[in-house]
Amino acid sequence: MLNSLASGRRLALRIILLQLAVAVIVGLTFLTLGLRDALAAASGATVVALGTALLAWRAFAGLGGGGMTMWRVMSGMVLKWIVIFGGLVAILGQWKLPPLAAITGLVAAYAINLLAFRFKG
């Protein structure tokens, strides 16, 4: 086995913290366009970080067989997408925040996944 449960947890924590940092950065960047844009961008990225945290919580809940681990990962992924979709519905539908800023925050937070897996030093 190449990866331990602890190294997976550390990688997940690093990704979540980087996504939250991106939420702050993208929020501050969109602050030049206004408070509503900044809130939308930061909220979009924060929703992704929250979904990633739920996925990690489910996926790294404990040891088990292959079937149990696969079930945990799949249920964590479903929870992640429910949180992201529900968060976007709240951001765009309920609070009526600017969609471009929210989608930009979401994409910026997802870009962290690509970077974290590429440079996992």
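Not measured: the values here are computed from a predicted model.

Novice: Sorry, what's going on with the overall build of the protein chain here?
Specialist: Scanning the protein chain for helices and strands turns up 4 helices and 0 strands. Taking the principal axes of its C-alpha atoms as reference, the protein chain extends roughly 50 × 30 × 15 Å. Out of the 121 residues in the protein chain, the part that is buried amounts to 40%. Here the analysis covers contacts within the protein chain between residues at least 6 apart in sequence; of these, 70% occur between residues at least 24 apart. Total accessible area computed for the protein chain in this model is approximately 7,400 Å², and 77% of it derives from carbon and sulfur atoms.

Novice: Would you mind going over the environment of Leu 5 with me for this structure?
Specialist: Its place among the elements puts Leu 5 in helix H1 (residues 5-30). In this structure, the C-alpha to C-alpha distance between Leu 5 and Gly 62, residues 57 residues apart in sequence, is 8.0 Å. Sequence-distant contacts of Leu 5, defined by excluding residues within four places in its chain, comprise Phe 60, Gly 62 and Leu 63.

Novice: Would you mind going over the packing of H1 against helix H4 (residues 99-118) with me for this structure?
Specialist: Helix packing for two helices is described by the angle between their axes and how far apart those axes are. Where H1 contacts H4, the axes come no closer than 9 Å and their chain directions differ by 145°. Here H1 runs over H4; the crossing is right-handed. Between H1 and H4, the residues in contact are Leu 11, Ile 15, Leu 18, Gln 19, Val 22, Val 26 and Phe 30 and Ala 101, Thr 104, Gly 105, Ala 108, Ala 109, Ile 112, Asn 113, Ala 116 and Phe 117, respectively.

Novice: In this structure, what is going on with a nonpolar patch on the surface? I would like to understand it.
Specialist: A surface patch of nonpolar side chains, about 420 Å² in accessible area, is lined by Val 24, Leu 28, Leu 31 and Leu 35. Summarising the element assignment, Leu 28 is placed in helix H1. The exposed category is assigned to Leu 28, whose relative accessible area is 55%.

Novice: What exactly am I supposed to notice about H4 here?
Specialist: At 3.6 residues per turn, the α-helix brings residues three or four places apart onto the same side. Here H4 is 20 residues long and its end C-alpha atoms lie 29 Å apart, about the 28 Å a rise of 1.5 Å per residue gives. All of the buried residues along H4 are Ala 101, Ala 102, Gly 105, Leu 106, Ala 109, Ile 112, Asn 113 and Ala 116. Each buried residue of H4 lies within a common arc of 145° when the element is viewed along its axis, so the set occupies one face. Set apart from the buried face of H4 by more than 90 degrees, the exposed residues are Leu 100, Leu 114 and Arg 118. Check the buried side of H4 and you find it contacts H1, helix H2 (35-59) and helix H3 (66-94).

Novice: Looking at this structure, I do not really get the nonpolar core. What am I missing?
Specialist: Nonpolar side chains tend to gather and get buried jointly when the protein is soluble and globular. Formed by 17 residues in total, the largest nonpolar core has its most connected members in Phe 30 and Ile 84. Going through the elements one at a time, H1, H2, H3 and H4 are the ones with two or more residues in this core. It is H2 that contributes the most residues to this core, 6 residues altogether. Once you skip the residues sitting within four places of it in the chain, Ile 84 turns out to touch Val 47, Val 48, Leu 106 and Tyr 110. With 5 residues, the next largest nonpolar core counts Leu 11, Ile 15, Ile 112 and Ala 116 among its residues.

Novice: Help me understand unusual backbone geometry, please; the structure alone is not making it clear to me.
Specialist: Excluding glycine, most residues fall at negative phi; most peptide bonds, likewise, are trans. Phi is positive for Lys 96, which is not a glycine, with a value near 55°. Accessibility expressed as a relative area gives 57% for Lys 96, which makes it exposed.

Rules behind the numbers
- Residues numbered from 1 in each chain as written.
- Predicted model: local features only at pLDDT ≥ 70, side-chain atom pairs only at ≥ 80, totals over all residues.
- Heavy atoms only, no water.
- Helix = DSSP H or I, 4+ residues; strand = E, 2+ residues; numbered from the N terminus.
- Buried < 20%, exposed > 50% of the residue type's maximum accessible area, 1.4 Å probe, protein only.
- Contact = heavy atoms within 4.5 Å.
- Areas by Shrake-Rupley, 256 points an atom, 1.4 Å probe, with all protein chains shown as cover.
- Axes fitted to C-alpha atoms, helices over the stretch in contact; angles between N-to-C directions.
- Left-handed = near helix turned anticlockwise from the far one by under 90°.
- Patch = residues over 30% accessible without salt bridge, like charges linked within 9 Å, V, L, I, M, F, W, Y side chains within 5 Å.
- Salt bridge = Lys/Arg side-chain N within 4 Å of Asp/Glu carboxyl O.
- Expected span 1.5 Å × (residues − 1).
- Arc of directions from axis to C-beta.
- Core = buried A, V, L, I, M, F, W, Y, C linked by side-chain atoms within 4.5 Å.

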